[in-house]
Amino acid sequence: MLQETRLHRIRVLLNRLNQVSTEQIIRELGVSRETARRDIIELEAQGQARRVHGGLVAIETPAEPPLTERLAARAKEKRAIARAAAQLLQPGQTLFLDAGSTTTLLAEELRALSGLTIVTNSLHAALALSAGEEDQPLNNQIILLGGTMSAGAQQTRGEITVGEISRYRADVALLSPVGIEANCGASSFHLHEAAIARAMVQHSAACYLLADHSKLGVVSRMVYAPPKAITTLITDSGGDNSAALHALQQTLAAVKVV
């Protein structure tokens, strides 16, 4: 079993139980004690859990507010980030777009562009991209990923969604993380969101992160992209996160500040 598969299964256990013992990992995954120990060390290094005597505990982080609240928070900064991201794109590219608040605003900006293929799991993004009269031709090809939904969710998710992502090879994945930190990279709060973002990164030639200043230096529960996998971070200069911004500028390949 590949390590990434083992780590995913341990993350699922942590998400459900909040605490997992070494014995549980050995029993559930059918691995040796030494392999379990290495995986425990790796999950702690990724900032996804904390080692304790006999196993792992989940790192407690605040849950994300609803998308409507996130869209309203720092809307001016997010709009500027979305516009800067749109300027980096070229006709003919295939894009992945996740269901973050800033990528939802990016979808509105992309309507002014043409010749793009945009693959997303966000209903908000898909509706923004396809807005117009019924017989009006679209500037871009819009593909909404299949998958399951839960009450109130405006996105598709689950194994079907992740499986569909693997059918594509995108030029750029444009993602809006819960947090971005110099050592751990990009992270999300929910397991299902992290799984989708991770798949989008893995099946893209480049990864652009759209993150306002409040997300800099933040590590949420599920890390989905290490620093080396991030091509460009697009952020703003607001707030008092100069130390976190400087660390990211030293670590990432490119940081664009708007």
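Bear in mind that the values here come from a model prediction, so they are computed numbers and not experimental data.

(A) Examining the side chain of R221 more closely. Mapped onto the elements of the fold, R221 is located in the loop between strand 10 (204–210) and strand 11 (222–225). A distance of 3.1 Å separates the side chain of R221 from the backbone oxygen of F189, its partner in a polar contact.

(B) Focus on the pattern of salt bridges. This model, assessed by the stated rule, comprises eight salt bridges. For R33, the salt bridge is made with E23, and the minimal N-O distance between the two is 2.5 Å. A residue pair is termed long-range when its members are at least 10 positions apart, and R33 in helix 3 (residues 33–45) and E23 in helix 2 (residues 22–29) qualify at ten residues. For R33, a relative accessible area of 49% translates into the label partly exposed. Here E34 makes a salt bridge to R37, at a shortest N to O gap of 2.8 Å. Placement of the pair is E34 and R37 together in helix 3, with a separation of three residues, close to one helical turn. Residue classification places R37 among the partly exposed positions, given a relative accessible area of 42%. Among the charged side chains, a salt-bridge network with shared partners connects R79, R83, E108 and E109.

(C) Layout of the sheet that holds strand 8 (residues 179–181). Strand order in the open sheet formed by three strands is 8-9-11, and the pairing between neighbours is antiparallel. Of all strands in the sheet, those bounded by a partner on one side alone are strand 8 and strand 11. When strand polarity is set aside, the average angle formed by the axes of neighbouring strands in this sheet is 35 degrees. Relative to strand 9 (residues 185–188), strand 8 is paired through three bridges, and the arrangement is antiparallel. Pairing of E181 across the sheet is with G185, part of strand 9. Its contacts with the sheet place helix 9 (residues 191–202) against strand 9 and strand 11, and it is angled at close to 15 degrees to strand 11.

(D) Geometry of helix 10 (residues 242–251). Burial in helix 10 covers these residues: A244, L245 and L248. When helix 10 is viewed along its axis, its buried side chains cluster within an angular range of 100 degrees and face the same direction. Looking at helix 10, the residues exposed on the side facing more than 90 degrees away from the buried face are S242, A243 and Q250. Turning to helix 10, the residues buried within the fold contact strand 8, strand 12 (232–235) and strand 13 (255–257).

(E) Structural view of helix 5 (residues 75–86). With twelve residues, helix 5 ought to run about 16 Å at 1.5 Å a step, and its terminal C-alpha atoms sit 16 Å apart, in line with that. When we look at burial in helix 5, the residues that qualify are K78, I81, A82, A84, A85 and A86.

(F) Fine view of the packing of helix 1 (residues 3–17) against helix 3. Interaxial distance between helix 1 and helix 3 falls to 10 Å at its minimum, and their mutual angle equals 75 degrees. If you check the angle between helix 1 and helix 3, you find them roughly perpendicular. Contacts between helix 1 and helix 3 involve Q3, R6, L7, I10 and R11 from the former and T35, R38, D39, E42 and L43 from the latter. Residues belonging to the contact of helix 1 with helix 3 are distributed by class as follows: three nonpolar, two polar and five charged.

(G) The environment of N15, seen in detail. Among the secondary structure elements, N15 is positioned in helix 1. For N15, a relative accessible area of 35% translates into the label partly exposed. Along the backbone, N15 and M222 are 207 residues apart, and their C-alpha atoms lie at a distance of 9.6 Å. Those residues in contact with N15 that sit more than four places away from it in its chain are L191, R221 and M222.

(H) Focus on the environment of T148. Tracing the sequence through the fold places T148 in the loop between strand 6 (141–144) and helix 8 (159–165). For T148, a relative accessible area of 44% gives the class partly exposed. Taking the C-alpha atoms as reference, T148 lies 6.2 Å from G158; in sequence the two are ten residues apart. Those residues in contact with T148 that sit more than four places away from it in its chain are Q155, T156, R157, G158 and T161.

Conventions adopted
- Residues take numbers from 1 onward in each chain, read along the sequence in its written order.
- Local features in a predicted model are, by the rule used here, given only for residues with pLDDT of at least 70; side-chain atom pairs are given and counted only at 80 or more, and totals for whole chains, interfaces and linings are based on all residues.
- Hydrogens and waters are ignored; side-chain quantities use all the structure's heavy atoms.
- The numbering of helices and of strands both runs from the N terminus, where a helix is a DSSP run of H or I of at least 4 residues and a strand a run of E of at least 2.
- A 3.5 Å cut-off defines polar contacts: any pair of N or O atoms within that distance qualifies, except that in protein one atom must be a possible hydrogen donor and the other a possible acceptor, and neighbouring residues in sequence count only when both atoms are side-chain atoms.
- The salt bridge criterion pairs a side-chain nitrogen of Lys or Arg with a carboxyl oxygen of Asp or Glu, the two atoms within 4 Å.
- Note on exposure labels: buried denotes an accessible area under 20% of the residue type's maximum, exposed denotes more than 50%, and partly exposed covers the range between, all computed with a 1.4 Å probe on protein chains only.
- By definition, two strands form a pair when at least two bridges between them are found by DSSP.
- Every angle, taken between N-to-C directions, lies between 0 and 180 degrees, and every axis is a line fitted to C-alpha atoms, over only the stretch in contact when it is a helix.
- Contact definition: two residues touch when any of their heavy atoms are within 4.5 Å.
- Working definition: the arc comes from the directions between the helix axis and the C-beta atoms, pointing outward to the latter.
- To estimate how far a helix should extend, the number of its residues minus one is multiplied by 1.5 Å.
- Orientation is classified from the angle alone, with under 35 degrees giving roughly parallel, over 145 giving roughly antiparallel, 65 to 115 giving roughly perpendicular, and any other angle giving oblique.
- In this count, Pro and Cys sit with the nonpolar residues alongside Ala, Val, Leu, Ile, Met, Phe, Trp and Tyr, while Asp, Glu, Lys and Arg are called charged and the others, Gly among them, polar.

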